[in-house]
Amino acid sequence: MPSDPQTSWDALWRNVHLATMVEDGSYGEIRDAAIAVRDGRIAWLGRGSDLPASCHADVEHDGEDCWLTPGLIDCHTHIVHAGNRSNEFEDRLNGVAYEEIARRGGGIVSTVHATRAASEDELLETSLRRVRRLLSEGVTTLEIKSGYGLDLETERKMLRVARRIGQLLPVRVQTTFLGAHALPPEYAGRADDYIDAVCRDMLPALAAEGLVDAVDAFCEKIGFSAAQTERVFQTAHRLGLPVKLHAEQLSDQDGAALVARFGGLSADHLEHLSPAGIAAMAAAGTVAVLLPGAFYFLRETKLPPIDGLREAGVPIAIATDCNPGTSPLTSLLLTMNLACTLFRLTPQEALAGVTRNAARALGLGRQVGTLEVGKQADFALWEIERPAELAYAIGGNPCVWIVHNGAQRA
Ligand SMILES: [Zn+2]
């Protein structure tokens, strides 16, 4: 007799409190609950007292009154890179001027040189160390951008490393091509020629190799113009790839409206976002990804327009922006705390920002990000008394178990 998917499960967790995160403005709490998985998906959840009498699970776990949330999602990282810039951090604090650091070959160019020089295996090894730190805090989905190669060969190497991370560790990796991150030194003074190379050679080749899930650019005075960004988006559009954008971080370039016009998944940073940009994002359903780690590290003072985003109903996600120059951050829990202390997000908004809304920012809203029957069985168990504790604490890691695709790890 075939087993009944309604009551016959691979695994069951009893004695947990659920924060399902299924709707805006609430944790979706279910206390004294249970959750069951079958074939890597959530098969049942509800109050423990409502478990069907006929239910059977091959494995049963006692959650010991822990809280259980959707697996956390870091939807914006540059976590694959070689080298770090702690030397520049130290130089700056010792009073060396930014121009002098740049003259010595510092800044993003130093990371480009290091990433080009590293073998694929070396790049994987150094990146895995950071990814493991991130995953230990309940992360089950991770976005990884390219953008420190700025040539076809090295961009490919970065994206291949990102894919290998998803095969080696229990995490779902979404890759983003960020060829239009910075101007490579060999194209100095020829930004349009570089964008030609991105659109004609790099992006089509990497997309054909199945290495690209989405396309991003850095639209900024020190990055690429709106017109250059638009050309990258047109190429992505032609290839059937979704777009996102580093927008309005240091100045208002109308980047948010541009990415919204292409039906973009997200606009990220947004400190200088205008009311028109907010309206365009709301109309297009584009998620606002806020990056408090970079805001903190750069000691910025101009806040993103949180109230305007709330009033317009723009979904807000938050992410580490893990990168060696402006956000050497591998803790999504600390990111939640920074979002609350610096941006005045509520703890509930911060948790939605690393679950439901982060899933939307990656185009994965139907698969992950909430606890619902039919979704991928990705969740984290926490030794906490209430969900707000995740955003409240500075440092420390109350994560006791992580479940990815229905499989538990400590
Ligand atoms: Zn970034």
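Engineer: Just checking my understanding: could you explain unusual backbone geometry for this structure?
Structural biologist: Positive phi, close to 60°, is recorded for Asp254, a residue that is not glycine. Take Asp254: its relative accessible area is 49%, and that puts it in the partly exposed class. Of note, Arg299 is a non-glycine position whose phi angle comes to about 55°, a positive value. You can see Arg299 is positioned in the loop between helix H10 (292-297) and helix H11 (306-312). Taking relative accessible area as the criterion, Arg299 reaches 72% and is therefore assigned exposed.

Engineer: Got a minute to help me understand the state of the cysteines in this structure?
Structural biologist: What makes a disulfide is a covalent bond joining the sulfur atoms belonging to two cysteines. By the definition in use, this model includes zero disulfides. Residue Cys75 stays outside any disulfide, its sulfur separated by 13 Å from that of Cys322, the closest cysteine. Judged by its relative accessible area of 0%, Cys75 is buried. On the basis of relative accessible area, Cys322 is assigned to the buried category, the value being 2%.

Engineer: Please clarify how the sheet that holds strand S11 (residues 287-290) should be interpreted in this entry.
Structural biologist: Sheet strands pair via backbone hydrogen bonds, and the direction of the pair is either parallel or antiparallel. With respect to topology, four strands assemble into an open sheet ordered S9-S10-S11-S12, the strand pairing being parallel. Looking at strand neighbours, the two that pair on one side only are strand S9 (244-247) and strand S12 (316-318), the edges of this open sheet. Ignoring strand direction, the axes of neighbouring strands in this sheet form an average angle of 25°. The pairing of S11 with S12 spans three bridges and is classified as parallel. In the sheet register, Ala288 faces S12, and the bridge partner there is Ile316.

Criteria and thresholds
- Residues numbered from 1 in each chain as written.
- Predicted model: local features only at pLDDT ≥ 70, side-chain atom pairs only at ≥ 80, totals over all residues.
- Heavy atoms only, no water.
- Buried < 20%, exposed > 50% of the residue type's maximum accessible area, 1.4 Å probe, protein only.
- Helix = DSSP H or I, 4+ residues; strand = E, 2+ residues; numbered from the N terminus.
- Disulfide = S-S within 2.5 Å.
- Pairing = 2+ DSSP bridges.
- Axes fitted to C-alpha atoms, helices over the stretch in contact; angles between N-to-C directions.

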